Amino acid sequence: MIKTSYEFDQSILAAGSSLKTNILLRFRADIAKSPRRNLNLSLVIDRSGSMAGAPLHHALKAAESVVERLEPDDILSVVVYDDEVDSVVPPQAVTNKATLKNSIRKVRAGGITNLSGGWLKGCEHVKTRLDPQKINRVLLLTDGHANMGIQDPKILTATAGQKAEEGIITTTLGFAQGFNEDLLIGMARAATGNFYFIQSIDEATEVFSIELDSLRAVVGQNLKVTLELADGVSLVDTLSLAQVSQNDASQAVITLGELYEDEDKLLGLSLGISSAQVGDLPVMKLHYSADVVQDDRIQSVSGTIDVVAKVGTVEEAAFAATSHIILELSRLTIAKAKETALNLAEQGKHQEAEQILRALVKDLRDKGLNENFEIAEEIDQLEYFASRIAQKALGNAGRKEMRDQTYQTMTRNRSDLVGRGVTTGDEVYAMPIVNEVGSGVELHCVREGGKLRVKVMSEGYDPTKNIQFPRAIRAEGARYVVEGLELSSDATFYRVRGKITRFAQPGETDIFVAPRQSNRANTGKASKGPASAADLPTTDSVGDSILVQCVKDGSKLRARVVSDGYEPDWNMRFPRSVREEGMLYVVDEVKTAPDGKSYIACGEIKRFVQPT
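Model, not experiment: these values are computed from the prediction.

1. Some details on the overall build of the protein
Of regular secondary structure, the protein possesses eleven helices and 28 strands. With respect to the three principal axes, the spread of C-alpha positions in the protein is 90 × 65 × 45 Å. In the protein, once contacts between residues fewer than 6 apart in sequence are set aside, the share between residues at least 24 apart is 72%. Summed over its atoms, the accessible surface of the protein is roughly 26300 Å², and 47% of this surface lies on carbon and sulfur atoms. Across the protein, the mean location of the 72 positive side-chain charges is 5 Å away from that of the 84 negative side-chain charges.

Written out as structure tokens, the structure reads:
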């Protein structure tokens, strides 16, 4: 069965008219511990040119880690895609892990991004072994935009929803900074799967592990909630990224997706009440249904609960203790505000977006919620994003962080997924610098589970405690000196007191003097090649150069750009002496030719070799 509960943000509502209240609903599969469900899993991995080097290396290592954690009764397939789609591991039981991992290791970077082709092949593989008693899942990883095959986000999102109706769920994983987060989040939402932002390439294995743990913990699917609102009650907003539709009776139907073992599924609602008299006020009948594990089988369950609010006098409401769920509702409210502010900013309404975030910060502080470390961290995030939006400088990385933070808070109830963000704020480069700690306190910024945390290094303080610290000047590896630290009211974390400076150890290289730029000078001159490709210097990384591939076009060998952001079918002026079919090259610069429909390779050319 499903255990349900609800709480209002105010334990007693004040009698009167035109009330607004928030309610937090909880859903949990109330079942005995059951054996893990077997998986029918397809890993779909982008091997396009933009993944060349370390990104693909780490993605493949993550895929190997998945193989290592699977069991003989699990089914696995592995699809890789660039402009072509290859099934390097057809659907099979995981009985020979060494062979499977060896097949994955042989994958090499290729051309442009046929995301739809790779994903649909993964869906096809899962369908061939579809079993309602298994977790049937496609994990789609990409670092770029679809530029071949089906590219329309609306079609891909709608198709993800159709596949989910067939029992094939898609989880999407965005790698680094080049992917289309709106597409990947849209597909995950439509498919009731998960979405992950892999911000740092070396955390790919960790993120894959989180998803695999989630799949092992699935004990219920297809959770749907129907709201039968009482007369005079209206739904103002849904504090969730769940799909919301209407049934024939014009009632809101909210699709919440999967239930995980020992994890509450949260749904926040903002309600309007036209009038309320002292006493018990019927608010709604809540109807729910889901497919849950019972007696080692998937069975459908449903139920109804009556949601009733307690209404008192103004005095009673004023003296009533605020519910403890104010923190959880605040997290949902924060996530909703980020989503709203980002949408406004993208409409050019930067001042309005900033005001929404600043007003929320003030409200959180007025309520004293900054004494909770998680909310204090969120306040720093809100101020950081508000400043960025006001300067019209949110950027690609900031946008992805906001989307990810919103998604994770409003879809999952896991502390290790919320508030993630490792992008260095530009302000760190402009900070005043000191070369000795003196009477101050030394701090160090580290990355923990996809978050930037600040820890104390000086003696006399607890090094295990977190520190509330401005998000704008956090940078992994940076050291700081502050005048002092003070404990929060509950003594669980520190706050910075006084001036903050950046600490540069004498004799050590200061990597934060200025934003790191490539020391490569673009000459603008067309590239010249040696006698053959074998004479080219080699590299196993692309960096901020451009990846080019030689492909067969009829009877001719053509050079085409495979890095994201370029036209993949334009020809290129490229030395004929080094052209070899299928070979990848790294060039310093690519310029548009005078004809406006072809490219010119400029600067040094290197032959790309896959890192081992």
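2. So, unusual backbone geometry
Its identity is not glycine, yet S18 carries a phi of approximately 55°, on the positive side. Positionally, S18 belongs in strand 3 (residues 16–29). The exposed category is assigned to S18, whose relative accessible area is 64%. In this structure, S250 takes a positive phi of about 60° despite not being glycine. Note that S250 resides in the loop between strand 12 (243–246) and strand 13 (252–260). The exposure class of S250 is exposed, given its relative accessible area of 52%.

3. Considering the sheet that holds strand 11 (residues 233–239)
Across the sheet, which stays open at both edges, the four strands sit in the order 1-3-14-11 with antiparallel pairing between neighbours. A single partner strand is all that each edge strand has here, and the edge strands are strand 1 (2–8) and strand 11. Averaged over all neighbouring strand pairs, the angle between strand axes comes to 25°, with direction disregarded. Alignment of strand 3 against strand 14 (residues 265–276), held across eleven bridges, turns out to be antiparallel. Its bridge partner being in strand 14, L25 is matched across the sheet by L267.

4. So, the sheet that holds strand 15 (residues 279–294)
If you walk across this open sheet you meet the six strands as 2-16-15-10-13-12, and the pairing is mixed. Only two strands of the sheet have a single partner each, and these edge strands are strand 2 (13–14) and strand 12.

5. Comments concerning the side chain of N136
Summarising the element assignment, N136 is placed in strand 7 (residues 135–142). Using a relative accessible area of 5% as the deciding quantity, one classes N136 as buried. At a separation of 3.0 Å, a polar atom in the side chain of N136 contacts the side chain of N40. A distance of 2.8 Å separates the side chain of N136 from the backbone oxygen of D131, its partner in a polar contact. Beyond its immediate chain neighbours, meaning those up to four positions away, N136 contacts N40, V126, R129, L130, D131, G167, I168 and I169.

6. Focus on the environment of M572
Residue placement: M572 occurs in strand 26 (residues 572–573). In this structure the C-alpha to C-alpha distance between M572 and K591, which are 19 residues apart in sequence, comes to 9.4 Å. Beyond its immediate chain neighbours, meaning those up to four positions away, M572 contacts V548, A559, V561, R579, V590, Y599, I600 and A601.

7. Here's the deal with helix 5 (residues 181–190)
Burial runs high along helix 5: eight of the ten residues are buried. All buried positions along helix 5 are accounted for by E181, L183, L184, I185, G186, M187, A188 and A190. Its side-chain oxygen placed 3.1 Å from the backbone nitrogen of D182, N180 serves as the N-cap of helix 5.

8. Some words on the packing of aromatic side chains
Enumeration according to the criterion identifies eleven aromatic pairs in this entry. When the centroid spacing of 5.1 Å and the interplanar angle of 55° are considered together, the rings of F373 and F493 count as tilted. Of this pair, F373 sits in helix 10 (residues 373–390) while F493 sits in the loop between strand 21 (479–487) and strand 22 (494–503), placing them 120 residues apart in sequence. What makes F373 buried here is its relative accessible area of 14%. Through pairs of rings, three or more aromatic residues link up here, namely F179, F195, F197 and Y407. For the cation-ring pair, K400 lies above F179, with the distance from its terminal atom to the ring centre recorded as 4.7 Å. Positioned above the aromatic ring of Y384 is the side chain of R471, whose terminal nitrogen or guanidinium carbon lies 4.7 Å from the ring centre.

9. Re the nonpolar core
One finds L41, L43, L76 and L141 to be the most contacted residues of the largest nonpolar core, which totals 47 residues. It is helix 1 (residues 54–69) that provides the largest number of residues to this core, a total of seven residues. Apart from residues lying up to four places away in sequence, L41 is in contact with V66, I75, L76, S77, R137, L139, L212 and L215.

10. Some details on the side chain of T142
Topologically, T142 is positioned in strand 7. Among the polar contacts made by the side chain of T142, one reaches the side chain of D46 at a distance of 2.7 Å. Beyond its immediate chain neighbours, meaning those up to four positions away, T142 contacts D46, Y81, T113, L115, L173, G174, F175, F179 and L184.

11. Let's talk about helix 11 (residues 395–411)
Taking 1.5 Å of rise per residue, the 17 residues of helix 11 would be expected to cover 24 Å, and the 24 Å separating its terminal C-alpha atoms lies within 8% of that figure. Burial runs high along helix 11: 15 of the 17 residues are buried.

12. Quick look at the pairing of strand 4 (residues 39–46)
Within a regular beta strand, the side chains point alternately toward one face of the sheet and then the other, so they alternate between its two faces. Counting buried positions along strand 4 yields eight of eight residues, so the element is predominantly enclosed. A two-sided burial pattern is seen for strand 4, the buried positions comprising L39, L41, L43 and I45 on one face and N40, S42, V44 and D46 on the other. Summarising the sheet, strand 4 and strand 7 pair through seven bridges and their orientation is parallel. Following the sheet pairing, V44 is matched in strand 7 by L140. Note: strand 4 against strand 5 (residues 75–81), seven bridges, orientation parallel. Bridging from a neighbouring strand, V44 pairs with V79 of strand 5. Traced from strand 4 through helix 1 to strand 5, the parallel crossover comes out right-handed.

13. Structural notes on the packing of helix 8 (residues 326–346) against helix 10
Contact pair helix 8 / helix 10: the axes reach a minimum separation of 11 Å and the direction vectors enclose 10°. Judged on the interaxial angle alone, helix 10 and helix 8 are roughly parallel. For the pair formed by helix 8 and helix 10, the contact residues are L327, S330, R331, I334, K338, A341 and A345 on the first element and E374, I375, E378, Q381, L382, F385 and I389 on the second. Residue composition of the contact of helix 8 with helix 10, grouped by class: eight nonpolar, two polar and four charged.

Rules of the game
Sequence order as written defines the numbering, with residues in each chain counted from 1. Only residues with pLDDT of at least 70 are given local features in this predicted model, and only at 80 or more are side-chain atom pairs given and counted; all residues enter the totals for whole chains, interfaces and linings. Only hydrogens and water are set aside; all other atoms, that is, all heavy atoms of the structure, feed into the side-chain values. By definition, any uninterrupted DSSP run of H or I lasting at least four residues is a helix, any uninterrupted run of E lasting at least two residues is a strand, and each is numbered from the N terminus. Any two residues whose heavy atoms approach within 4.5 Å are treated as being in contact. Note that accessible areas follow from Shrake-Rupley with a 1.4 Å probe, and for residues the cover is restricted to the protein chains shown. Within this scheme the basic residues Lys and Arg register as positive and the acidic residues Asp and Glu register as negative, but His and the chain ends are omitted. Where a charge sits is defined by one atom per residue type, namely NZ (Lys), CZ (Arg), CG (Asp) or CD (Glu). The buried label goes to any residue with under 20% of its type's maximum accessible area, the exposed label to any with over 50%, and the partly exposed label to all in between, with areas taken from a 1.4 Å probe on protein chains only. Two strands are said to pair when DSSP picks up at least two bridges between them. Every axis in this analysis is a line fitted to C-alpha atoms, fitted for helices over the stretch in contact. Angles between the N-to-C directions lie between 0 and 180 degrees. Definition of a polar contact: a pair of N or O atoms within 3.5 Å, with one able to donate and the other able to accept a hydrogen when the atoms are protein atoms, and with sequence-neighbouring residues admitted only if both atoms are side-chain atoms. Only Phe, Tyr and Trp rings take part, Trp by its six-membered ring, and two of them pair if their centres are within 6.5 Å. Stacked means planes under 30 degrees apart, edge-to-face means over 60, and tilted covers everything else. Sitting over a ring, as applied to charges here, requires NZ of Lys or CZ of Arg to be within 6 Å of the ring centre and within 35 degrees of the ring normal. The term nonpolar core refers to a set of buried residues drawn from Ala, Val, Leu, Ile, Met, Phe, Trp, Tyr and Cys, joined through side-chain atoms within 4.5 Å. Working rule for helices: expected span equals 1.5 Å times residues minus one. By definition, the crossover connecting two strands over a helix is right-handed if that path, from the first strand to the second, turns clockwise as seen with the strands pointing away from the viewer. Oblique is the label for any angle not under 35 degrees, not over 145, and not in the 65 to 115 range, which are roughly parallel, roughly antiparallel and roughly perpendicular in turn. When residues are grouped by polarity, Ala, Val, Leu, Ile, Met, Phe, Trp, Tyr, Cys and Pro land in nonpolar, Asp, Glu, Lys and Arg in charged, and all others, Gly among them, in polar.

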